[in-house]
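# Examining the three-dimensional arrangement
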Amino acid sequence: MTIEAAFHIQRGDFSLAVELQIPRRGVSALFGPSGCGKTTLLRAIAGLERDPQGYLRVGEELWQDRQRFRPAHRRPLGYVFQEPSLFGHLDVRRNIEYGFKRLPVNGRRVALDRIVDLLGIAHLLERQPHQLSGGEQQRVAIARALAVSPSMLLLDEPLAALDMASKQEILPYLESLHRELEIPVLYVSHSRDEVARLADWLVLLEAGRVLAAGEVGELFTRLDLALAQRPDAESVIEATVAGRDEAFALSLLDFPGGRFRVAGSRLPPGSRIRLQILARDVSLTLERQSKTSILNIFPAIVDALSDAGKAQTTVRLLVGGLPLLSRITRKSAVDLDLKPGRRIYAQIKSVALLS
Amino acid sequence: MILTPQDLDAFRISLALAALTTLILLLLGTPLAWWLTRSRWRFKFLLEAVLALPLVLPPTVLGFYLLIALGPHGPIGGLMTALGARPLAFTFSGLVIGSVIYSLPFVVQPLQNAFRAIGQRPLEVAATLRASPLDRFLSVALPLARPGFLTASVLGFAHTLGEFGMVLMVGGNIPGSTQVASIAIYDHVEALEYSQAHWLSGGLLLLSFLMLLAVYAFNRRFTAVQP
């Protein structure tokens, strides 16, 4: 099941010209700098932006082509805007019920109570929107969008207008949403951290064009894209919690390349977890070091190399088939005679748990 | 009581005229203001200029043209005569038509401002929540424009209550039928009947003040709860 979209939209100096396919599962992020057209693309998918030449097919259903245009209110979507945009003349409860009431009774697949609980807003229902904090308002806006039992949830930088504390408040809700409800999410963001935490699939946009699209782990580590060239380049790896080493208070996390041992809080066994590994925290050795303080050492194959400035080299490795970036000095790369296909060991000094 | 039955009639006719005119203007002006706010028609500015004419036109000029149009030889009056009806000049119905035209901008412009102030966003939100265009208008635009409706009603009512030149031209100052309070006051002053002029003027002053008081009190309360 995929979304197939093609839009050519001209707005003054800006033009959006995209043709893309997005999987209809998990979280897909439209990612790029401000003004790259990601919001326009999302609005076009929602039917809020008209493109007479546009084409949009969602799964089996054709939503628009040159002849047909399904208006926004007939597209089974939930949409969360950058600003909460709650209706000022309705209290929180009636804001949430606004779309729900407009569904045919057999279309109300999501129970309101469940959504209210999921977003932790039960105590706010009788309030007026202006009595809520920014973070609370955005949670209500998300609940309101979910209440229409959408077949897809569209989020337009739902955190961008919020301060840091409110962001931290909402992120866990977004993550649980992703786990609890099996609704595909299309997420617009210019924040790499948000994308690393939430997204499964990534569409990179720049100046109204699609630069690349693919799995997050893949795109973060592609040496021909800017993400891998940044000084803080990182890899994202998904792992499963296998258990715990109680003696040393370490969590054991399995991924196709081996087993991570990571200090930190207790995690429920079997749960999926995302690991963020900075390229500069990965060093390389030709032989496995036994006398070292580093716990996480995995056999790897060099996939590709790219110089990052005069002194440094970014190495793309495959560990159990998964891409992992390492940033080392150019001298080390020459000394170790690194080239594609070479078998080496990756030593990972530090791992951050994302969820 | 110093006021004569004729004065009371004039006061009653003024109120009836203002109320009816306001009602008609709200019914006509709401869709018109909505369309003016939303439309991207190239020549919209032409229509807006025409609609604003009563703001600057001397009332007697408007009254003069209306008198011609509504009289037995005018295009509208002629049509009425041909259909076997009475021409509208010097009738209450004629006054209502004149007042609707005369007070139109006082109702349409506040409504237009109120609709514009809502912006595009709440309507887009409603669209993503399954509301059809008509549904969005009724459930989002109308309630959010509430302060604008109050302002429009009061301005339309008060402006109709205060008209003079146009009413004199079109209505002809017929006691009991087209004589309104503002003209009755003028007649009393002409006849040096100052105490009756005082009573009628005081009544209109009080009424106008109370209406404006209601608007400002309401709008203050309304804006006080906005973020």
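Residues numbered from 1 in each chain as written. Chains lettered and ligands numbered in written order. Predicted model: local features only at pLDDT ≥ 70, side-chain atom pairs only at ≥ 80, totals over all residues.

## A look at the sheet that holds strand β10 (residues 209-215) of chain A
Residue and element names in this part refer to chain A. An order of β6-β7-β8-β3-β9-β10 is seen for the 6 strands of this open sheet, with the pairing classed as mixed. The open sheet has two free edges, formed respectively by β6 (77-80) and β10, since each of these has just one partner strand. Sheet twist, expressed as the average angle between the axes of neighbouring strands with direction ignored, equals 15°. Both strand β3 (residues 27-31) and strand β8 (residues 185-189) contribute to a ladder of 5 bridges, which runs parallel. Across the sheet, the residue bridging to alanine 29 is tyrosine 187, located in β8. Across the sheet, helix α4 (residues 134-146) is in contact with β6 and β7 (152-156); its angle to β6 comes to roughly 170°. (Pairing = 2+ DSSP bridges. Helix = DSSP H or I, 4+ residues; strand = E, 2+ residues; numbered from the N terminus. Axes fitted to C-alpha atoms, helices over the stretch in contact; angles between N-to-C directions. Contact = placed C-beta atoms within 7 Å.)

## Observations regarding the pairing of β3 of chain A
All names here are of chain A. Of all 5 residues that make up β3, 5 are buried, and the element is covered over most of its length. The two faces of β3 match: Val27, Ala29 and Phe31 on one face and Ser28 and Leu30 on the other face are all buried. Here β3 runs beside strand β9 (residues 201-206); their pairing, made up of 4 bridges, is parallel. When the sheet's bridge partners are listed, serine 28 is paired in β9 with tryptophan 201. (Buried ≥ 20, exposed ≤ 12 C-beta atoms within 10 Å, placed from the backbone.)

## Things to note about the nonpolar core
Residue and element names in this part refer to chain A. Formed by 102 residues in total, the largest nonpolar core has its most connected members in Ala143, Leu154 and Leu202. It is α4 that contributes the most residues to this core, 6 residues altogether. Domain assignment of the residues forming this core places at least three in each of domain 1 (2-220) and domain 2 (234-353). Apart from the residues lying within four places of it in its own chain, the contact partners of leucine 202 are Ala29, Phe31, Val195, Ala213, Gly214, Val216 and Leu219. (Core = buried A, V, L, I, M, F, W, Y, C linked by C-beta atoms within 7 Å. Domains from an automatic or database assignment.)

## As for the sheet that holds strand β15 (residues 282-285) of chain A
Residue and element names in this part refer to chain A. With respect to topology, 5 strands assemble into an open sheet ordered β15-β19-β16-β17-β18, the strand pairing being antiparallel. In this open sheet, the two edge strands, each paired with only one partner strand, are β15 and β18 (322-329). Adjacent strand axes in the sheet meet at a mean angle of 45°, parallel and antiparallel pairs treated alike.

## Quick word on the confidence of the model for chain B
Residues and elements named next belong to chain B. Model confidence for chain B is summarised by a mean pLDDT of 89, while 96% of its residues fall at 70 or above. Ranking the elements of chain B by mean pLDDT puts helix α4 (residues 75-82) last with 82 and helix α6 (residues 121-128) first with 96. Per the prediction output, this complex has pTM 0.85; the corresponding ipTM is 0.85. (pLDDT = per-residue confidence, 0-100.)

## Concerning the interface of chain A and chain B
Every contact between the two is made by 19 residues of chain A and, on the other side, 16 residues of chain B. Counting only elements with at least two residues in the side of chain A that touches chain B, the list comes to β6 and α2 (92-101) of chain A.

## Quick notes on unusual backbone geometry
Phi at alanine 249 of chain A is positive, roughly 55°, even though this residue is not glycine. Relative to the assigned elements, alanine 249 of chain A resides in the loop between β11 (234-245) and β12 (250-255). Residue asparagine 173 of chain B is not a glycine yet carries a positive backbone phi of 60°. When you line up the elements, asparagine 173 of chain B lands in the loop between α9 (165-171) and α10 (181-190).

## A few points about the domain arrangement of chain A
All names here are of chain A. When the domains of chain A are assigned, the result is domain 1 (2-220) and domain 2 (234-353). Here the C-alpha centroids of domain 1 and domain 2 sit 34 Å apart. Facing the 6 residues of domain 1 at the interface are 8 residues of domain 2. Only α6 (192-198) and α7 (216-220) provide two or more residues apiece to the side of domain 1 that touches domain 2. For the side of domain 1 that touches domain 2, the element with the highest residue contribution is α7, accounting for 4 residues. Considering only residue class, the side of domain 1 that touches domain 2 consists of 3 nonpolar, 1 polar and 2 charged. (Nonpolar A, V, L, I, M, F, W, Y, C, P; charged D, E, K, R; others polar.)

## Comments concerning the packing of α2 of chain A against α4 of chain A
Residues and elements named next belong to chain A. It is at 7 Å that the axes of α2 and α4 come closest, and there the two elements cross at 30°. One finds that α2 runs roughly parallel with respect to α4. For α2 against α4, the interelement crossing comes out right-handed. On α4, the residues touching Val92, Asn95, Ile96, Tyr98 and Gly99 of α2 are Val140, Ala143 and Arg144. Per-class residue counts for the contact of α2 with α4 are 5 nonpolar, 2 polar and 1 charged. (Parallel < 35°, antiparallel > 145°, perpendicular 65-115°, else oblique. Left-handed = near helix turned anticlockwise from the far one by under 90°.)

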